[in-house]
Amino acid sequence: MAYPKSANSDFFVESDEPRYARITPRDAAKMLARNRQEMIANELSRLAHDEYIEDIMQHMTVMENETLPDANLIDMQREIQWFMRPYLIDFLIEAHAAFALLPETLFLTVNLLDRYCSKRVVYKQHYQLVGCAALLIAAKYGDKKDRVPQINELNNMCCGLYDSGMFTQMEMHVLNTLEWSIGHPTVDFFSQLIVVERADDREVESMAAYISEIALYHRDFVSTKPSTMARASLTLARAIVGRPAVHDGEWDQADNETVQLLSKHLHQPSMTLSRKYAAPHLSRASTTLAEFLAHQAELQRRQLAPPSPPSESMLHPQHANIYSTPQKGHGAAVNTNGYITPPITPDGGWAAVSDPLNKYVPPRCPVTPTQHSQQHMAVYPQQQANHYTPYVHDDYNGHMMSQ
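So, a few notes on the structure that sits alongside this text. (Residues numbered from 1 in each chain as written. Predicted model: local features only at pLDDT ≥ 70, side-chain atom pairs only at ≥ 80, totals over all residues. Heavy atoms only, no water.)

**Things to note about the packing of helix H9 (residues 202-215) against helix H10 (residues 226-241)**
Running from N to C, H9 and H10 point in directions that differ by 125 degrees, and their axes come no closer than 8 Å. Viewed along their axes, H9 and H10 adopt a mutual orientation that is oblique. Once H9 is placed against H10, the crossing between them reads as right-handed. In this structure, H9 uses Glu203, Val204, Met207, Ala208, Ile211, Ser212 and Ala215 to contact H10, whose residues at the interface are Met229, Ser233, Leu234, Leu236, Ala237, Arg238, Ile240 and Val241. (Axes fitted to C-alpha atoms, helices over the stretch in contact; angles between N-to-C directions. Helix = DSSP H or I, 4+ residues; strand = E, 2+ residues; numbered from the N terminus. Parallel < 35°, antiparallel > 145°, perpendicular 65-115°, else oblique. Left-handed = near helix turned anticlockwise from the far one by under 90°. Contact = heavy atoms within 4.5 Å.)

The following block contains the structure:
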């Protein structure tokens, strides 16, 4: 049976040649013009960087000094204690990851929180509310509009402890207290400059970010300059991942002290932070650090412990009881790293959303802990939520701290 030949008779003919969509001359001209504009913009950016980098760095140095919190003033808080800080930082880190915010947003959030706590008296039932207000301000300042958390989502994470209007009221109170001075050169800003200048790889960058976030949990680094923290964390990161050290003329005594303090706080990181940096896109920095610390501990144990003399059974193996079965000790201690806290995320993964536009956040509980009589540990106050009375005053009892 014969079929009539049509204009598209070659449609079903197989061919190994790839099919490309035809580009009209007009589209090709637009593409060339766009590429030319990008090349010009990159060249102008490079020239502007070379011309204004010194002025930019001088301005950033002034800003980091003016917006640096004072840990001594936070010590004067009546109800807020330093053992409560890790629980709030855990909460902020999970909220930051759930909304897929920029790295500098987390550091700016903690900076706003510490600056407010160094100026105002904060009651413990409002500690988490201040952290949420700082997160809202930092996200609005530097993140994309579609990534900014919604008040109802944050209220859901706080298990409905606060009224929706309290978030807005506290946000305005923080801004007025800080006189609307939000800008702050974060650790991430200085780290990116150093990474580009020194051509560090992704593994070093992730390890330095992990170390910098570990520092957020401790009082020792509240008043540390971001530029100093960036240099110290990158120096430790290069040593941990086995990269050669970088020597420059900017190193000073403050950098040495910061490196020594950081090395003392790396042994017990937060479990929440460890889960975050166990992800492959962050180079599994927490796993690498744990293996490095275990290796260093083993080397130190071998240096300190003298070699044990051979036992009688080793000298005379023929006299050993070959039928005896070694017994497992029942009093072995379990070595746990991190803060012993109730599980914040479901077991099996980090609570980051796969779709950035999917902003559903599971219910969360408040993080304000109470101090234990024996240890400086705390528990989440789900049981005490009913004892918190809603706050109705306008100033949140925001008394000024004595300067």
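There is more to say after this.
**Considering empty space enclosed by the protein**
Under the counting rule described, the total for this entry stands at 3 cavities of 30 Å³ or more. When its volume is computed, the largest cavity comes out at roughly 250 Å³. Taken together, 20 residues line the largest cavity, and the ones lying closest to its centre are Val187, Leu216, Phe221, Val222 and Thr224. Looking at the lining of the largest cavity, the elements with two or more residues in it are helix H4 (103-117), H9 and H10. With 4 residues, the single largest contributor to the lining of the largest cavity is H4. A breakdown of the residues in the lining of the largest cavity according to their chemical character gives 11 nonpolar, 6 polar and 3 charged. Summarising the domain contributions, the lining of the largest cavity has at least three residues from each of domain 1 (71-178) and domain 2 (187-303). Space inside the second largest cavity adds up to approximately 70 Å³. In terms of lining, the second largest cavity is formed by Ile74, Ile80, Gln81, Trp82, Arg85, Asp114, Cys117 and Tyr127. A per-class count over the lining of the second largest cavity returns 5 nonpolar, 1 polar and 2 charged. (1 Å grid on protein atoms, 1.4 Å probe; cavity = no way out; pocket = protein on both sides within 12 Å on 5 of 7 lines; lining within 4 Å. Points joined across faces, edges and corners; volume = space filled by probe spheres on them. Nonpolar A, V, L, I, M, F, W, Y, C, P; charged D, E, K, R; others polar. Domains from an automatic or database assignment.)

**Side note on the pattern of salt bridges**
Opposite charge on two side chains makes pairing possible when the charged atoms of those side chains draw close. Evaluated as defined, the whole model comprises 11 salt bridges. Linking Arg219 and Asp75 is a salt bridge whose minimum nitrogen-to-oxygen distance equals 2.7 Å. One end of the pair, Arg219, is in the loop between H9 and H10; the other, Asp75, is in the loop between helix H2 (71-74) and helix H3 (85-98), and 144 residues separate them in sequence. Arg243 is the salt-bridge partner of Asp201, the closest N and O atoms lying 2.7 Å from each other. Linking Asp201 in the loop between helix H8 (187-198) and H9 with Arg243 in the loop between H10 and helix H11 (253-264), this pair joins segments that are 42 residues apart in sequence. A residue is classified by how much of its surface remains accessible, and Asp201, at 30% relative accessible area, is partly exposed. Because the salt bridges share partners, they merge into one network encompassing Asp201, Glu203 and Arg243. (Salt bridge = Lys/Arg side-chain N within 4 Å of Asp/Glu carboxyl O. Buried < 20%, exposed > 50% of the residue type's maximum accessible area, 1.4 Å probe, protein only.)

**A closer look at the environment of Leu92**
Examined against the element boundaries, Leu92 turns out to sit in helix H3. Assessed through its relative accessible area of 0%, Leu92 is described here as buried. Sequence separation of Leu92 and Gly131 is 39 residues, and the distance between their C-alpha atoms is 7.2 Å. Residues contacting Leu92, with those up to four places away along its chain left out, are Leu106, Thr109, Leu113 and Gly131.

**Some remarks on H8**
Given a rise of 1.5 Å per residue, 12 residues ought to cover 16 Å, and the 16 Å separating the end C-alpha atoms of H8 matches this to within 8%. Positive backbone phi, approximately 60 degrees, marks Ala199, located one or two places after H8. (Expected span 1.5 Å × (residues − 1).)

**Side note on the packing of aromatic side chains**
Per the counting criterion, the structure on display carries 3 aromatic pairs. When the ring of Tyr162 is compared with that of Phe167, the centres are 6.0 Å apart and the planes differ by 90 degrees; the resulting orientation is edge-to-face. Taken as a pair, Tyr162 and Phe167 share a single burial class, namely buried. An angle of 35 degrees between the planes, with centres 4.9 Å apart, marks the rings of Tyr210 and Tyr277 as tilted. Of this pair, Tyr210 sits in helix H9 while Tyr277 sits in the loop between helix H12 (271-276) and helix H13 (285-304), placing them 67 residues apart in sequence. (Phe/Tyr/Trp six-rings, centres within 6.5 Å; stacked < 30°, edge-to-face > 60°.)

On their own, these measurements won't tell you what the molecule is for.
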